Every structure is written in structure tokens, then in C-alpha cells.
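So you can see what is in the structure, the chains are spelled out below.
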Amino acid sequence: MSHESAERATEAARRYYGTSDVDGFYDAVWGGEDIHTGVYAHAHEPVAVASRRISETQNERHRRTNAERGLDALIEVVTGSFQDIPYPAGHFDVVWSQEAFCHSGDRKELLGEAVRVLDPEGDLVFTDLMTADDTPADAVHDVLARLGVEEFATPTFYRRRITELGLTHVDFDDRSDQLLTHYLRLTEETARRAAELRDVISPAYLESLQENLPLWVNACRSGRMSWGIFHCRRATR
Ligand SMILES: C[S@@+](CC[C@H](N)C(=O)[O-])C[C@H]1O[C@@H](n2cnc3c(N)ncnc32)[C@H](O)[C@@H]1O
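Just so it is clear, the structure is predicted and the values come from calculations on it, not from any experiment. (Residues numbered from 1 in each chain as written. Predicted model: local features only at pLDDT ≥ 70, side-chain atom pairs only at ≥ 80, totals over all residues.)

Describing the site of the ligand
Here's step 1: Around the ligand, a shell composed of 18 residues is seen, among which Ala13, Ile54, Gln98, Ala100 and His103 lie nearest.
Here's step 2: Where the shell around the ligand is concerned, the elements lending two or more residues are helix 1 (3–18) and strand 1 (49–53).
Here's step 3: For the shell around the ligand, the element with the highest residue contribution is helix 1, accounting for three residues.
Here's step 4: In terms of residue class, the shell around the ligand is built from six nonpolar, eight polar and four charged. (Near = placed C-beta within 6 Å. Helix = DSSP H or I, 4+ residues; strand = E, 2+ residues; numbered from the N terminus. Nonpolar A, V, L, I, M, F, W, Y, C, P; charged D, E, K, R; others polar.)

Right under this line is the structure:
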């Protein structure tokens, strides 16, 4: 992984999430404003939040939703890549991400950037789609093809890299079992609502989803994928 591969992956994600097909499908089926994979949490008291996403299409919807709920003064939505976060070192109490790091072409650089903007007393919390520690990279190429990503991280990679960056307290709540449930439900729902979805997304994209989602189901069923919640901080706190 290198800076060039990070730029390629960033461009691929920008194109992917900017299309009306992907935006329409995510809005209609994958959860709308909040694309969760497994576990659901309560929203807490609003605080100052900065959100960084690569897709201006998604961010426009995000800003509209914030304004409708009276949260726009609290949440700054900034379009751009998480490989390069335009805030000074130590700016945030919490850095939080859900299933976005899987799109990175250079996760070492990405994690370095996440830790750079984190207050030394702060918390890095993220979930991600990963391959299991013992899965060879070439065993999931067909699964990842839809996302334009060459490889996923593993739990061991994250644990090692985050520790190297000084966050030596790393909890990983392994919920890989929920990934199978998630992709089974997504596959069923896409099939059940196929007629309705033809009004929202193109037939070609619907067909590619119906080919790709069962590959995810098989990869989860055979234990090739991993998913869970990382909670990381400096041990000195
Ligand atoms: C699978 S979706 C997960 C969305 C998230 N779980 C949610 O609830 O909204 C992946 C997200 O990663 C974001 N993303 C992909 N590459 C990115 C990058 N280089 N910088 C910032 N965000 C990126 C996309 O915009 C998309 O919202």
C-alpha cells in the first residue's frame, strides 16, 4: 500500500458513492442516513462534531438532515478524504468511523492521520469490514470487486498498527457472526424489493448487486470475513 494506491482508492470511492445508483440503493435499502452493519447504539447528547466523507452527494443529504433536526450548528460536514484530515494535531476528543476504512488504499497512513488529530487523552472508535486473520488475500478478490478495493485489513493488522501509533489499549469486540446475518438480510431484501428498486437504480447495478451480495454471504458463511468494534486509546489515561 502506498500514497498512489491511497489516491486510486480515494478516487474509486468518490466515483462509487457519487453515483445515483449507489446513493439510491444505500438510501432505499442499506439504511438511508446511517448505513450500519451489525450493532446499533443510542445517540448521545449532541456535541461539536466534524464529519468527513468522500462523497459530496452523501454530504449534501447529511447537511439537509442535520438542518431538519436543528443540528447543523453542531456538525460541520467537510467533503474530502480521511487520508488527509484538515484539522490540527490533537483536535478531537473522539475519532469515530463505521465501515469506511475498508475503502482506504493505505490504511497505515489513514490510521496515522486518525491518531494525529486525536487528543492524547482521546478515543479512537471504529467498525470495519475485514478479512479474517487466516484468510489469504486472493480468497476474497471476487467479493471485494464491487468496491474497487484490492484488499481488506485484518483484525491483527489493526491491532498491531494502532499499538505502534501509541494507542496501546486496544479492545476488539469481535462480532463477525453478525456479518452473515447482515448480508443474508441485505440479499433477501434486495431480491424481495427488486421491482421497486428498478425505479431507483439502473438494471445493470441491480444485476451486479444480485451477483455480488451472495458472494458476501458465502464468504461470511465460510469464515473468510471479519467484523467488529475497535475501541482504542493510550494506556496512560
Ligand atoms: C460502506 S459506507 C459506510 C457508511 C457508514 N457506515 C454510515 O453509516 O454512513 C463507506 C463510507 O466510506 C466513505 N468513504 C470511502 N472512502 C473515503 C475516503 N477516502 N475518505 C472519507 N470517506 C470515505 C464513503 O463516503 C461512505 O460513506
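Side note on the packing of helix 7 (residues 176–192) against helix 9 (residues 203–221)
Here's step 1: Viewed as axis vectors pointing N to C, helix 7 and helix 9 meet at an angle of 155°, and their least axial separation amounts to 9 Å. The orientation of helix 7 with respect to helix 9, classified from their angle, is roughly antiparallel. Helix 9 is crossed by helix 7, and the crossing has left-handed handedness. Taken together, the residues of helix 9 that come into contact with helix 7 (itself represented by Leu179, Leu180, Tyr183, Leu184, Leu186, Thr187 and Thr190) are Leu209, Gln210, Leu213, Pro214, Trp216, Val217, Cys220 and Arg221.
Here's step 2: Of the residues contributing to the contact of helix 7 with helix 9, the split by class is 11 nonpolar, three polar and one charged. (Axes fitted to C-alpha atoms, helices over the stretch in contact; angles between N-to-C directions. Parallel < 35°, antiparallel > 145°, perpendicular 65-115°, else oblique. Left-handed = near helix turned anticlockwise from the far one by under 90°. Contact = placed C-beta atoms within 7 Å.)

Comments concerning the pairing of strand 6 (residues 225–233)
Here's step 1: Counting buried residues in strand 6 gives seven out of nine residues, a clear majority hidden from the surface.
Here's step 2: When strand 4 (residues 118–131) meets strand 6, the two strands line up antiparallel, connected through eight bridges. Bridging across to strand 6, phenylalanine 126 finds its partner in phenylalanine 230.
Here's step 3: In terms of strand pairing, strand 5 (residues 169–174) meets strand 6 through six bridges, oriented antiparallel. (Buried ≥ 20, exposed ≤ 12 C-beta atoms within 10 Å, placed from the backbone. Pairing = 2+ DSSP bridges.)

A few points about the sheet that holds strand 4
Here's step 1: An order of 3-4-6-5 is seen for the four strands of this open sheet, with the pairing classed as mixed. A single partner strand is all that each edge strand has here, and the edge strands are strand 3 (92–98) and strand 5. The average angle at which neighbouring strand axes cross in this sheet is 10°, direction not considered.
Here's step 2: On top of the sheet, helix 6 (residues 155–164) reaches strand 4, strand 5 and strand 6; it is set at about 165° to strand 5, its chief contact.

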